[in-house]
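Working through the structure, step by step
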Amino acid sequence: GKTSIGTCLAKLLNYNFYDFDDEVEKYYGMPIDYLQKKYITMDLFRQQASIALLHILSKNESKNAVIALPPSGLMSVYWKIVNESSGTIIVLKDSAVNVLNRIEFFDKDSKLITKNLSEKESKYYLSEIQKDIIYYNNSYKKAHYSVSIDGSSILSKLKSIIQKGNDKGENPLPENEPVKPENIK
């Protein structure tokens, strides 16, 4: 969801797009799995990965950019960086079932693998996704905009993101001229 919508939104606005996970791997020259294993806790990993976020934000071309962050993007060390940026924060929300239907698996080298889930695995992952939604939900209140992508097309979601800003009398992406939802094709 976040990568597909982020990519489309960036193209629509003629912005650069950054997938944070990809950028962390580029910055450190290794797959995330290897980088995570170097640190005892996820918090220590996130502290290290946050350096890549600072690197993205220091680039001149990131002034007009869409950055897809992980669910933890509005927590702890990431939040400190995001909060100091001048960007607009948009949270994408979806149902646990839809997330499960889109779930992708990667090997330790970050290569996409095909995995057909058994009924037991599906129940397990659905339960974990539901727990994550509950856990991260409170941090999502920090965003300027929240958009549910449950069962909608990417195009309608982009229109919704832009309309939310227009409804408040502002452009959700302030450095550009306002974009009108009816002009999105």
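Whatever comes next refers back to the structure up there.
Residues numbered from 1 in each chain as written. Predicted model: local features only at pLDDT ≥ 70, side-chain atom pairs only at ≥ 80, totals over all residues. Heavy atoms only, no water.

1. Some details on the packing of aromatic side chains
Note the following rule: Only Phe, Tyr and Trp rings take part, Trp by its six-membered ring, and two of them pair if their centres are within 6.5 Å. Stacked means planes under 30 degrees apart, edge-to-face means over 60, and tilted covers everything else. In this text, helices come from DSSP runs of H or I with a minimum length of four residues, and strands from runs of E with a minimum of two, each type numbered from the N-terminal end. Accessible area is worked out with a 1.4 Å probe on protein chains only. A residue is then buried under 20% of its type maximum, exposed over 50%, and partly exposed in between.
Considering all chains together, one arrives at 5 aromatic pairs under this definition. Consider the rings of Phe20 and Tyr78, whose centres lie 5.3 Å apart with planes at 80°: the pair is edge-to-face. Residue Phe20 is located in helix H2 (residues 20-28), and its partner Tyr78 is located in helix H5 (residues 76-84); the two are separated by 58 residues in the primary sequence. For Tyr78, a relative accessible area of 1% translates into the label buried. With a centroid separation of 5.0 Å and an interplanar angle of 80°, the aromatic rings of Tyr135 and Tyr136 are classed as edge-to-face. Here Tyr135 falls in the exposed class, since its relative accessible area comes to 53%. Residue class for Tyr136 comes out buried when judged on its relative accessible area of 12%. By way of ring pairs, the aromatic residues Phe105, Tyr124 and Tyr125 are connected into one cluster.

2. A short note on H2
To keep it simple, the criterion reads: Two residues form a contact once any of their heavy atoms are found within 4.5 Å. Polar contacts, as counted here, are pairs of nitrogen or oxygen atoms within 3.5 Å of one another; within protein the pair requires one atom able to donate a hydrogen and one able to accept it, and residues that are adjacent in sequence qualify only if both atoms are side-chain atoms.
Along H2, the positions that sit buried rather than exposed are Phe20, Glu23, Val24 and Glu25. Tucked inside the fold, the buried residues of H2 contact strand S1 (16-19), helix H3 (32-37), helix H4 (42-58), strand S2 (65-68) and H5. With a side-chain oxygen lying 3.1 Å from the backbone nitrogen of Asp21, the N-terminal cap of H2 falls on Asp19. Gly29 occupies a position one or two residues after H2 and carries a positive phi of about 65°.

3. Notes on the nonpolar core
Note the threshold: Here, nonpolar core means buried Ala, Val, Leu, Ile, Met, Phe, Trp, Tyr and Cys residues that are tied together by side-chain atoms lying within 4.5 Å of each other.
Ranked by size, the top nonpolar core spans 23 residues in total, and within it Phe20, Val24, Leu53, Leu74, Tyr78 and Val82 carry the most contacts. At the level of elements, H2, H3, H4, H5 and helix H7 (119-140) are the ones that each hand at least two residues to this core. Ignoring sequence-local partners within four residues, the contact set of Tyr78 consists of Phe20, Phe45, Arg46, Ala49, Ser50, Leu53, Pro70, Ser72 and Gly73. Core analysis: the second largest hydrophobic core is formed by 5 residues, Leu9, Ala10, Leu13 and Tyr15 among them.

4. Side note on the pattern of salt bridges
The line we're drawing: The rule for a salt bridge is simple: a side-chain nitrogen of Lys or Arg has to be within 4 Å of a carboxyl oxygen of Asp or Glu.
Scanning the entire structure with this criterion turns up 7 salt bridges. Note that Lys115 and Glu121 form a salt bridge whose closest N and O atoms lie 3.9 Å from each other. Judged by its relative accessible area of 37%, Lys115 is partly exposed. Taken together, the shared-partner salt bridges in this structure form one network comprising Glu23, Lys26 and Lys59.

5. So, unusual backbone geometry
The phi dihedral of Ser76 is positive, around 40°, even though this residue is not glycine. One can find Ser76 in helix H5.

6. Topic: the side chain of Ser72
The residue Ser72 is located in the loop between S2 and H5 in this model. Reaching out from Ser72, the side chain makes a polar contact with the side chain of Arg46 at a distance of 3.3 Å. Look past the residues within four positions of Ser72 in its chain and what remains in contact with it is Arg46, Tyr78 and Tyr136.

7. Observations regarding the packing of H4 against H5
Quick note on the threshold: The axes are straight lines fitted to the C-alpha atoms, using for helices just the contacting stretch, and the angles between their N-to-C directions are given from 0 to 180°. An angle counts as roughly parallel when it lies under 35 degrees, as roughly antiparallel when it exceeds 145, as roughly perpendicular when it falls between 65 and 115, and as oblique in every other case. Note on convention: near helix rotated counterclockwise from far helix by under a right angle means a left-handed crossing. Clockwise means right-handed. Gly is put with the polar residues, along with every residue not named as nonpolar or charged; the nonpolar set is Ala, Val, Leu, Ile, Met, Phe, Trp, Tyr, Cys and Pro, and the charged set is Asp, Glu, Lys and Arg.
Direction vectors running N to C along H4 and H5 enclose 20°, while the axes themselves pass 8 Å from each other. By the angle class used here, H4 and H5 are roughly parallel. In the packing of H4 onto H5, the handedness of the crossing is right-handed. In contact with Asp43, Phe45, Arg46, Gln47, Ala49, Ser50, Leu53, Leu54 and Leu57 of H4, H5 contributes Ser76, Val77, Tyr78, Ile81 and Val82. Looking at the contact of H4 with H5 residue by residue, the class counts come to 9 nonpolar, 3 polar and 2 charged.

8. Looking at the pairing of S2
Here is the rule: Here, strands pair whenever DSSP counts at least two bridges between them.
On S2, burial follows the alternation: Val66 and Ala68 on one face are buried, whereas Ala65 and Ile67 on the facing-out side are not. Relative to S2, S1 runs parallel, the two being bridged by 4 bridges. Looking at the pairing, Phe17 lines up with Val66 of S2.

No statement about biological role is implied by the geometric values presented.
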